[in-house]
Amino acid sequence: MLKQESIILLFLGFFFGMMGAVYWFWGHEDGGGVMLLGALFLGLLPGTYYFWWFRRSGGNRPEDRSDASIADGAGVVDAFPSTSIWPFVLGMGCFSVVLALVFGTWLAVPGVALILSALIGATAESRRGGTV
Amino acid sequence: MTDLIERPTTSTPDEGGPSNVDDGHHSDHGDHHGPSGLLKWLTSTDHKVIGINYTVTSIVMMVIGGAFAEVIRAQLVSPTSTLVTLQQYNQLFTMHGSVMIYLFVGPFAFAGLANYLVPLQVGAPDMAFPRLNALSYWLYLTGSLTMVLGFFVSGGPAAFGWVGYAPLTSAINAPGAGADLWIGALMLTGFSAIFSGVNLIATIFYLRAPGMTLFRMPIFTWNMLVTGILILLAFPVLTAGLIMLYCDRHFGTHIFEVQGGGVPLLWQHIFWFWGHPEVYILALPFFGMVTEIIPVFSKKPIFGYKGMVFATLTIAALSLGVWAHHMFTTGAVLLPFFSIMSLLIAVPTGIKLFNWIGTMWGGKLQFSTAMLMAIGFVATFLIGGITGIYLASPPLDFFTHDTYFVIAHFHSVVMALTMGAFAGIYFWFPKMTGKMLHEGWGKAQFWLLFIGTQVFTLPGYLVGLHGMPRRMAVYPNNPSWQTLNQWESVGALLIGISTLLFVVNVIVSYRKPIVAGDNPWDANGLEWFTSSPPPHHNFTSLPPIRSERPVWDYNHPDAPALGHGHHEPAAAAAAEKVEA
């Protein structure tokens, strides 16, 4: 499970680390060096997590086995929302907050209200679904 | 509402047997009876609805950005034209670049078609986080509105170029709401992109169908995985830079201002640390689209599947080490490092071009509009790519930096991507709508777009080599510059007309619909196994997945099994030889 996925992320992380080291010692420029360090961690952190998860689970997911049949994956995939108004409400809240940065802080009031209501609404919606 | 979704366990799409090619079969099994109309648009978390929303919105943005381009080219027909003022010209090229890059090419690719196709191609019922996916779209839409709002505030929209170099963006040099709206728009679309990246990676890692190993995924999905990773590496950097810029403008910080000890050049480092991976974030999805299309219309499997995957990963790895090739002329960057890295990235890109040609080589080519667009993409991208290699060399870049040579190079690349976009639209429109686009109108559109692109870009290289700088509303009365500029404007006009033909084609296709069937192209990926358009949560059945083209295998059970990179005639001949 997730072996190849983790290798991709670890490879990218190590490559960015190597490139960052060369750049740091050759270029003497801080901004790029720091950003490449960030890239190193963005590869290594999820890569290490997935690798740990692979070692723990033993690598037996049907989607990782080349001989798996469709029936091997039978059962519930997951719970998926079919509709929800809350992403729209949250989006409008964020829109309002950004407009507040331009046109005046009063716009942040409805913005924050919409964001909070979306957070509460989406959480309640997930609980009602009983599966998330 | 939350649905528990079970994976389909049968491999028979209907009772008609294995072949569902061109049978006009329309299934409404599993149709979802949710809200309709405006409420559906507002509340849907279905990746297909969101994908279409993204696609349509981004095409509207393309039309808006294209209209700006036409005004720019009209201004440049004559050296001393007064069609727009100098400040309006600055606003136009800023908004043209911003709308096209931030609001069209990227969102179309990594959120429009990707949203629609990735779950279908891996056999998933939806994206991994459907509500986050819907939020991505709303942030993108509101970000787009925020950007365009700039035209309706006093002082007009941002006018400092789409790259927003400091100190042009300071509160003194760019006062007014237009610049802040530009910053706000990029924050919203930036978060939208980050959420899309998270969704793409999680979907591909966790929701693949049984047997769909990583190395059986369609190349488009592979490219979207790598694009998702690049988005997560690059976009947070830009968003952080925008927050710093806003603080400089309003909270008295001096991060990008010399007064107070700031470093204006830092903005360029931050911007291009996002900006060059962004070029690949824009390009990889279109690479993926044409890699899906060329094998189908060559009647062969892709040549060099694994080479394609490793080329994509190599591009991703190298893409974070090339940012300062945009900054060679600042005199403050490590020239050999960035030059070497930029030249190296030509190798995996060259492998891709080689493999596209290898796929067509010896195939039974069928020149549908999608295929023509894909070939147009390959040819135009080759021109843009090769001129990019020139620019990776510092001495050549010193000579051509900030001239029309760079503009022409960049537009060869993005116009190639636009052809890739239309290739994708023509190829997957039947899946999205159940209707075919008209091939005649499509081919007329292709030739106008292809010829227009070359007429627009090739004189640009020449006038750039003659020394014409970019971002000039008026230019010296030099006859050769004027003639070349007029040719460029003719090219831009042809491109504009080609876009109108596309709109006509969509209208014609809706008025006189030609039913597409589930798999009109005899194509390869899982998306062609379900109905057109697919039902809610996508699949009622899935075929066995034993190669990177499971649907083709399913529909051609008697065809010889082909290894990666073998083309059909040779393999068929070998099989016959063995029998003999």
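Residues numbered from 1 in each chain as written. Chains lettered and ligands numbered in written order. Predicted model: local features only at pLDDT ≥ 70, side-chain atom pairs only at ≥ 80, totals over all residues.

1. Observations regarding the overall build of chain A
Formally: A run of DSSP states H or I qualifies as a helix once it reaches four residues; a run of E qualifies as a strand once it reaches two. Both are numbered from the N-terminal end. Between the two quantities, the radius of gyration covers C-alpha atoms and the globule rule is 2.2 Å times the number of residues to the power 0.38. Partly exposed residues are those falling between the two cut-offs: more than 12 but fewer than 20 other C-beta atoms within 10 Å of their own, whereas 20 or more means buried and 12 or fewer means exposed, with C-beta atoms placed from the backbone. Residue pairs qualify as contacts under a 7 Å threshold applied to their C-beta atoms, which are placed from the backbone.
The secondary structure content of chain A amounts to four helices and one strand. Beginning at the N terminus, the succession of helices and strands in chain A can be written as α-α-β-α-α. Relative to the compact-globule value of 14 Å for 132 residues, chain A shows a C-alpha radius of gyration of 22 Å, a clear excess of over 25%. Expressed as lengths along the three principal axes of its C-alpha atoms, the size of chain A is roughly 55 × 50 × 20 Å. Buried residues in chain A amount to 39% of all 132 residues. Looking at chain A alone, contacts between residues at least 24 apart form 60% of all its contacts between residues at least 6 apart.

2. Quick word on the interface of chain B and chain A
Where we set the bar: In the scheme used here, Gly and all other residues not listed as nonpolar or charged are polar, with Ala, Val, Leu, Ile, Met, Phe, Trp, Tyr, Cys and Pro taken as nonpolar and Asp, Glu, Lys and Arg as charged. Only strands that DSSP links by at least two bridges are regarded as paired with each other.
The interface of chain B with chain A comprises 60 residues on the first partner and 54 residues on the second. Residue composition of the side of chain B that touches chain A, grouped by class: 37 nonpolar, 16 polar and seven charged. Note: strand β1 (residues 75-81) of chain A against strand β1 (residues 2-7) of chain B, six bridges, orientation antiparallel. From the neighbouring strand, F80 of chain A faces β1 of chain B, where its bridge partner is D3 of chain B.

3. Points about helix α14 (residues 439-465) of chain B
Going by this rule: Helices are assigned an expected span. That span is 1.5 Å times one less than the residue count.
Taking 1.5 Å per residue as the helical rise, α14 of chain B with its 27 residues ought to reach 39 Å, and the 39 Å between its terminal C-alpha atoms agrees with that figure. Following α14 of chain B by one or two positions, G467 of chain B has its phi on the positive side, about 105°.

4. Some remarks on unusual backbone geometry
Most peptide bonds are trans, and most residues other than glycine sit at a negative phi. All names here are of chain B. Between A166 and the following residue, P167, the backbone shows a cis peptide bond with an omega angle of 5°. Structurally, the position occupied by P167 is in the loop between α4 (130-149) and α5 (177-206). Cis peptide bonds are those with omega within 30 degrees of zero, and the linkage from S532 to P533 qualifies with -10°. When you line up the elements, P533 lands in the loop between α15 (479-511) and α16 (550-555). At K299, a position not held by glycine, the phi torsion is positive, near 55°. Within the secondary structure layout, K299 lies in the loop between α7 (264-298) and α8 (305-319). On the basis of neighbour count, K299 is assigned to the partly exposed category, with 15 C-beta atoms found within 10 Å. Even without being glycine, N538 reaches a positive phi, approximately 80°. Turning to its location among the elements, N538 is positioned in the loop between α15 and α16.

5. Regarding the packing of helix α3 (residues 86-122) of chain B against α4 of chain B
Residue and element names in this part refer to chain B. Just so we agree on the cut-off: Orientation is described by axes fitted as lines to C-alpha atoms, over the contacting stretch for helices, and by angles from 0 to 180 degrees between their N-to-C directions. Any angle from 65 to 115 degrees is called roughly perpendicular, while one under 35 is roughly parallel, one over 145 is roughly antiparallel, and all others are oblique. Each helix crossing is assigned a hand: it is left-handed if the near helix lies turned anticlockwise from the far helix by less than a right angle, otherwise right-handed if that turn is clockwise.
As a packed pair, α3 and α4 sit with axes 11 Å apart at the nearest point and diverge in direction by 165°. Judged by the inter-axis angle, α3 sits roughly antiparallel to α4. When the axes of α3 and α4 are compared, the crossing they make is left-handed. For the pair α3 and α4, the contacting residues are S98, V99, L103, P107, A111 and N115 in the first and N133, S136, Y140, S144 and M147 in the second. Of the residues in the contact of α3 with α4, the class split is six nonpolar, five polar and no charged.

6. A word on the confidence of the model for chain B
Residues and elements named next belong to chain B. Selection criterion: pLDDT expresses how confident the predictor is about each individual residue, on a scale running from 0 to 100.
Chain-level statistics for chain B give a pLDDT mean of 91 and a share of 92% at 70 or above. In this model residues 15-30 is a low-confidence stretch, pLDDT under 50, and it forms 33 contacts with partners more than four residues away in sequence or in other chains. Every residue in residues 565-580 scores below 50 in pLDDT, and together they form 14 contacts with partners more than four places removed in sequence or on other chains. Taken over the whole predicted complex, pTM reads 0.93, whereas the ipTM for its chain interfaces reads 0.94.

7. Remarks on the packing of helix α2 (residues 30-57) of chain A against α7 of chain B
Between α2 of chain A and α7 of chain B, the least distance of the axes is 9 Å, while the angle of their chain directions is 30°. Taken together, the axes of α2 of chain A and α7 of chain B are roughly parallel relative to one another. Note on packing geometry: the crossing formed by α2 of chain A with α7 of chain B is right-handed. Taken together, the residues of α7 of chain B that come into contact with α2 of chain A (itself represented by G31, G32 and M35 of chain A) are L266, H269, I270 and F273 of chain B. Of the residues in the contact of α2 of chain A with α7 of chain B, the class split is four nonpolar, three polar and no charged.

8. Considering the environment of P459 of chain B
Residues and elements named next belong to chain B. One can find P459 in helix α14. A residue is classified by how many C-beta atoms lie within 10 Å of it, and P459, with 23 of them, is buried. In sequence terms P459 and S170 are 289 residues apart; their C-alpha atoms lie 35 Å from each other.

9. Topic: the nonpolar core
Among soluble globular proteins, nonpolar side chains are generally buried collectively. Going by this rule: Here, a nonpolar core denotes buried Ala, Val, Leu, Ile, Met, Phe, Trp, Tyr and Cys residues that are linked to one another through C-beta atoms within 7 Å. Note that the domain bounds were set by an automatic or database domain assignment.
Core analysis: the biggest nonpolar cluster contains 210 residues, and V290, I293, M373, A374 and A423 of chain B have the highest contact counts within it. When residues of this core are assigned to domains, at least three map to each of domain 1 (3-70) and domain 2 (86-127) of chain A. Not counting chain neighbours up to four residues away, the residues in contact with I293 of chain B comprise A370, M371, A374, A423 and F427 of chain B.

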